[in-house]
Amino acid sequence: MARRILSADSVLVSQPQAALQDAGRADARQQVLLALQQRWSALPAVEPDRLLFDWENRRALEDEVAFVNRAEAVLDEAAVKLAPSVLRIVLTVRQHLSDPRDARAWLEEKLALDFRRVSELCIVAESYGLLDAGRREPGVREIERYGWSKALKLAHVRDPAERHAIWERAAETAGGASYRAVVAEIGRFRERKLIAAPDAPPRLDHIVHDAQARFAAFTRTAAHLRTRDQVQVAIEELSDLQRDLTRLRRALRERLQDDEVADLAART
């Protein structure tokens, strides 16, 4: 996770200790990237019968877990520092393209991020005050405390005091709370506050079309259930239809995300 984000003024002041710390962290990041490349290059040489780690002697397995955790920390730090840039881009686009559809189309064309990722980064940047000089440091400390994935879930709760209360209730030990416990506690918080968290996914029009086509196919099949095979086909088509309806529900929630981003622009 990000340890410190320097203000613009502090960049102009000589800070040798910070420079040494930054150099050390840059070296650690470089080592992680090098290790990633080494593992990637070694993948073709992994024999199918040696794909799994030795469970009896778990040293290699534990080393790989530690490596993934180090790499994840680098990705988390990048996400924290990327979030303010993404929010500034979105706010600028929303300022000049008032129609959310036009704004979304511009972002989809220009940004090499899917809209779910854009929305996540914007929500984190806004909730934790990463564009606000007075809130940035406390916000970064919050994200560090929770961890990126849990901080992302908690970002939908805008009040830092309420986030802290949820975290405290979810914490099983002094070391913190699990992702599952945080999600469950947020669910209870929503029930009390009657708020809904956006989820996000693919394009709505395509999913609506797929669901309509799937429903039409099921309707045709269900009208002719004379044999065992026809009933089996109907069951399979119903399962497909249920999956499409689940995707449709998620796509509708994406519209809530659009409104969320628009609200960010309106409040800033």
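Small disclaimer: the values here were computed from a predicted structure and weren't measured.

Parameters at a glance
- Residues numbered from 1 in each chain as written.
- Predicted model: local features only at pLDDT ≥ 70, side-chain atom pairs only at ≥ 80, totals over all residues.
- Heavy atoms only, no water.
- Axes fitted to C-alpha atoms, helices over the stretch in contact; angles between N-to-C directions.
- Helix = DSSP H or I, 4+ residues; strand = E, 2+ residues; numbered from the N terminus.
- Parallel < 35°, antiparallel > 145°, perpendicular 65-115°, else oblique.
- Left-handed = near helix turned anticlockwise from the far one by under 90°.
- Contact = heavy atoms within 4.5 Å.
- Nonpolar A, V, L, I, M, F, W, Y, C, P; charged D, E, K, R; others polar.
- pLDDT = per-residue confidence, 0-100.
- Buried < 20%, exposed > 50% of the residue type's maximum accessible area, 1.4 Å probe, protein only.
- Arc of directions from axis to C-beta.
- Polar contact = N/O pair within 3.5 Å; in protein donor to acceptor, adjacent residues only side chain to side chain.
- Salt bridge = Lys/Arg side-chain N within 4 Å of Asp/Glu carboxyl O.

Visitor: Which parts of the structure should I look at to understand the packing of helix H2 (residues 59-96) against helix H3 (residues 100-110)?
Guide: A pair of packed helices can be characterised by two numbers: the angle between their axes and the separation between those axes. It is the contact of H2 with H3, at a shortest axis distance of 9 Å, that shows an interaxial angle of 135°. With respect to H3, the element H2 is oriented oblique. Note that H2 runs across H3; the crossing there is right-handed. Listed contacts from H3 to Ile89, Val90, Val93 and Arg94 of H2 are Pro100, Ala103, Trp106 and Leu107. Within the contact of H2 with H3, the residues separate by chemical class into seven nonpolar, no polar and one charged.

Visitor: Explain the confidence of the model for the protein chain to me, please; I cannot follow it from the model alone.
Guide: Do not read the predicted coordinates in detail wherever pLDDT is low. Looking at the protein chain, the pLDDT average stands at 79 and 79% of residues meet or exceed 70. Confidence drops under pLDDT 50 across residues 1-18; counting only partners more than four residues distant or on other chains, this segment forms 28 contacts. Counting interchain partners and residues more than four positions distant, the pLDDT-below-50 stretch residues 195-201 has 21 contacts.

Visitor: In this structure, what is going on with the environment of Lys153? I would like to understand it.
Guide: Tracing the sequence through the fold places Lys153 in helix H6 (residues 148-154). Classification of Lys153 by relative accessible area gives partly exposed; the value is 32%. Not counting residues within four places of it along the chain, the set of residues in contact with Lys153 comprises Tyr179, Val183 and Ile186.

Visitor: Help me understand helix H7 (residues 160-170) in this model?
Guide: Note: α-helices contain 3.6 residues per turn, so residues at a spacing of three or four share the same orientation. Those residues of H7 that fall on the buried side of the exposure criterion are Arg163, Ile166, Trp167 and Ala170. Projection of H7 onto a plane perpendicular to its axis shows the buried side chains occupying an angular sector of 100°, all on one side. Two or three places before Ala161, at the start of H7, stands the capping residue Asp159, its side-chain oxygen 2.9 Å from that residue's backbone nitrogen.

Visitor: Help me understand the pattern of salt bridges, please; the structure alone is not making it clear to me.
Guide: Pairing between side chains becomes possible if they bear opposite charge and their charged atoms approach one another. Under the counting rule described, the total for this entry stands at 14 salt bridges. In this structure, the salt-bridge partner of Glu64 is Arg39, at a minimum N-O distance of 3.1 Å. In this pair, Glu64 is assigned in helix H2 and Arg39 in helix H1 (residues 16-42), connecting sequence segments 25 residues apart. Taking the relative accessible area as the measure of exposure, Arg39 reaches 29% and is therefore partly exposed. A salt bridge links Arg101 to Asp99, with the nearest nitrogen and oxygen atoms 3.1 Å apart. Judged by its relative accessible area of 66%, Arg101 falls in the exposed class. The exposure class of Asp99 is partly exposed, given its relative accessible area of 23%.

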